[in-house]
Amino acid sequence: MATLFSQDSALMRGLSLVADVIVLNLLFVATSIPLFTLGASLTALNFTAMRLATGECNSVSADYFRSFQRNFRQATVIWLLLLALVGVLAAWYVVVTNLTFGPLAELLLLAVWYVLAFNFAAAALFVFPYLASFDGRTRDVLRNARLLSWKHPFTGLAALGLIALSVIITIFYPQFTGYGLFWFFVGFAGIATINGRLFAGVFSKYIAAAASAST
């Protein structure tokens, strides 16, 4: 029994991780209420979640606010750019589905739209974790996130699949998510921590390569 409740036991480590995820989720929700700050919040969420996933996080709040402050300006610019691209894709979809182009033209335009939307979603998943892990100009962050999404498609698909599954369950089976309580207390940070292990595994290769190249 003493071993079960010792500080290094699997049970206590698991409970500690759950507590950290809850704290991280509450921080993310609180700092995301002004939607303008969502880019910085997503960057800080991914930074802290990756550190939790790899066991490097000593203080959730310290890691979170360190990343939030350091990346606030650039993350906000990237967030606004992504919103603008979402607006373009939404406008394209509305035009294609509401104007008469002919069946073949509409099919082709929708096929192109779906390809672009999927590529956008996959690249967007990498943007804020990448910004949380690497320094660079905004143009380089966006370009490298896109390249990584192409180079590591299964990581992107796994992350996207987890997010999509969570959204589907929330919409169609809200009782399983406590009618929103899951997202308020643990959902965002829980998903980010699971995905954080995937992203950390990808980024560690490039961090190690950069370190060996600089020596």
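The structure this text deals with has already been given above.
Asker: Any chance you could explain the nonpolar core here in plain terms?
Answerer: Proteins that are soluble and globular tend to have nonpolar side chains buried together. Grouped together as the largest cluster of nonpolar side chains are 39 residues, with contacts concentrated most on Leu24, Leu45, Tyr64, Ile78, Phe128, Phe199 and Phe203. When residues of this core are traced back to their parent elements, those giving at least two are helix H1 (10-32), helix H2 (38-53), helix H3 (60-98), helix H4 (103-133), helix H5 (138-151) and helix H7 (181-214). Ranked by the residues each element gives to this core, the list is headed by H2, at 9 residues. Leave out the neighbours within four places in its chain, and Phe203 touches Met50, Phe126, Pro129, Tyr130, Ser133, Phe134 and Leu148.

Asker: Could you clarify how one ought to interpret the packing of aromatic side chains in this entry?
Answerer: In this description, a pair of aromatic rings is defined by centroid distance and the angle of the planes. By the definition in use, this model includes 16 aromatic pairs. Measuring from ring centre to ring centre gives 5.7 Å for Phe68 and Phe72, while their planes differ by 50 degrees; the resulting arrangement is tilted. Within this pair, Phe68 and its partner Phe72 are both found in helix H3, separated by 4 residues, close to a single helical turn. In this structure Phe68 comes out as buried when scored by relative accessible area, which is 14%.

Asker: Mind showing me how you'd approach the packing of H1 against H2 here?
Answerer: Helices that pack against each other are described as a pair by the angle of their axes relative to one another and the distance between those axes. Two numbers describe how H1 lies on H2: the axes approach to 9 Å, and their chain directions differ by 170 degrees. Taken together, the axis directions place H1 and H2 in an arrangement best described as roughly antiparallel. Of H2, the residues touching H1 (which contributes Leu17, Asp20, Val21, Leu24, Phe28, Thr31 and Ser32) are Leu38, Ser41, Leu42, Leu45, Thr48, Ala49 and Leu52. Looking at the contact of H1 with H2 residue by residue, the classes come out as 9 nonpolar, 4 polar and 1 charged.

Asker: Sorry if this is basic, but what is going on with the environment of Val127 here?
Answerer: If you trace the backbone, Val127 turns up in helix H4. With a relative accessible area of 3%, Val127 lands in the buried category. Residues contacting Val127, with those up to four places away along its chain left out, are Ile78, Val141, Leu142 and Ala145.

Asker: Honestly, H1 in this entry has me stumped. Any pointers?
Answerer: Since there are 3.6 residues in each turn of an α-helix, residues three or four apart along the chain are aligned in direction. Under the 1.5 Å per step criterion, the end-to-end length of H1 is 32 Å for 23 residues, consistent within 8% with the ideal 33 Å. Those residues of H1 not exposed but buried are Val21, Leu24, Asn25, Leu27, Phe28, Val29, Thr31 and Ser32.

Asker: Explain the pattern of salt bridges here, please?
Answerer: If the charged atoms of two oppositely charged side chains come close together, the side chains can form a pair. The final tally for this structure, using the stated rule, is 4 salt bridges. Here Asp140 makes a salt bridge to Arg137, at a shortest N to O gap of 3.1 Å. Since its relative accessible area comes to 14%, Asp140 is described here as buried. Where Asp140 meets Arg143, a salt bridge forms, and the shortest distance between an N and an O atom there is 3.5 Å. Residue Asp140 and its partner Arg143 are located together in helix H5, separated by 3 residues, close to a single helical turn. Since its relative accessible area comes to 39%, Arg143 is described here as partly exposed. Several salt bridges share partner residues, and in doing so they unite Arg51, Asp63 and Arg66 into one network.

Asker: Just to check I follow, could you spell out the packing of H4 against helix H6 (residues 153-172) for this structure?
Answerer: Remark: H4 packs on H6, axes separated minimally by 10 Å, with the N-to-C direction vectors making an angle of 95 degrees. It follows from the interaxial angle that H4 and H6 lie roughly perpendicular. Seen from H4, the contacting residues are Phe118, Leu125 and Phe126; seen from H6, they are Thr155, Gly156, Leu157, Ala159, Leu160 and Ile163. Residue composition of the contact of H4 with H6, grouped by class: 7 nonpolar, 2 polar and no charged.

Asker: What is the right way to look at unusual backbone geometry in this model?
Answerer: Trans is the prevailing form of peptide bonds, just as negative phi is the prevailing case for residues other than glycine. One non-glycine residue, Tyr179, adopts positive backbone phi at about 55 degrees. Here Tyr179 lies in the loop between H6 and H7. On the accessibility criterion, Tyr179 (65% relative accessible area) is exposed.

Asker: When you look at H2 in this model, what are you seeing that I'm missing?
Answerer: With 16 residues, H2 should reach 22 Å at 1.5 Å per residue; the first-to-last C-alpha distance of 22 Å fits that figure. Of all 16 residues in H2, 15 are buried, a share of seventy percent or more. Looking one or two residues past H2, Gly55 carries a phi angle of roughly 75 degrees, positive in sign.

Calculation rules
Residues numbered from 1 in each chain as written. Predicted model: local features only at pLDDT ≥ 70, side-chain atom pairs only at ≥ 80, totals over all residues. Heavy atoms only, no water. Core = buried A, V, L, I, M, F, W, Y, C linked by side-chain atoms within 4.5 Å. Buried < 20%, exposed > 50% of the residue type's maximum accessible area, 1.4 Å probe, protein only. Helix = DSSP H or I, 4+ residues; strand = E, 2+ residues; numbered from the N terminus. Contact = heavy atoms within 4.5 Å. Phe/Tyr/Trp six-rings, centres within 6.5 Å; stacked < 30°, edge-to-face > 60°. Axes fitted to C-alpha atoms, helices over the stretch in contact; angles between N-to-C directions. Parallel < 35°, antiparallel > 145°, perpendicular 65-115°, else oblique. Nonpolar A, V, L, I, M, F, W, Y, C, P; charged D, E, K, R; others polar. Expected span 1.5 Å × (residues − 1). Salt bridge = Lys/Arg side-chain N within 4 Å of Asp/Glu carboxyl O.

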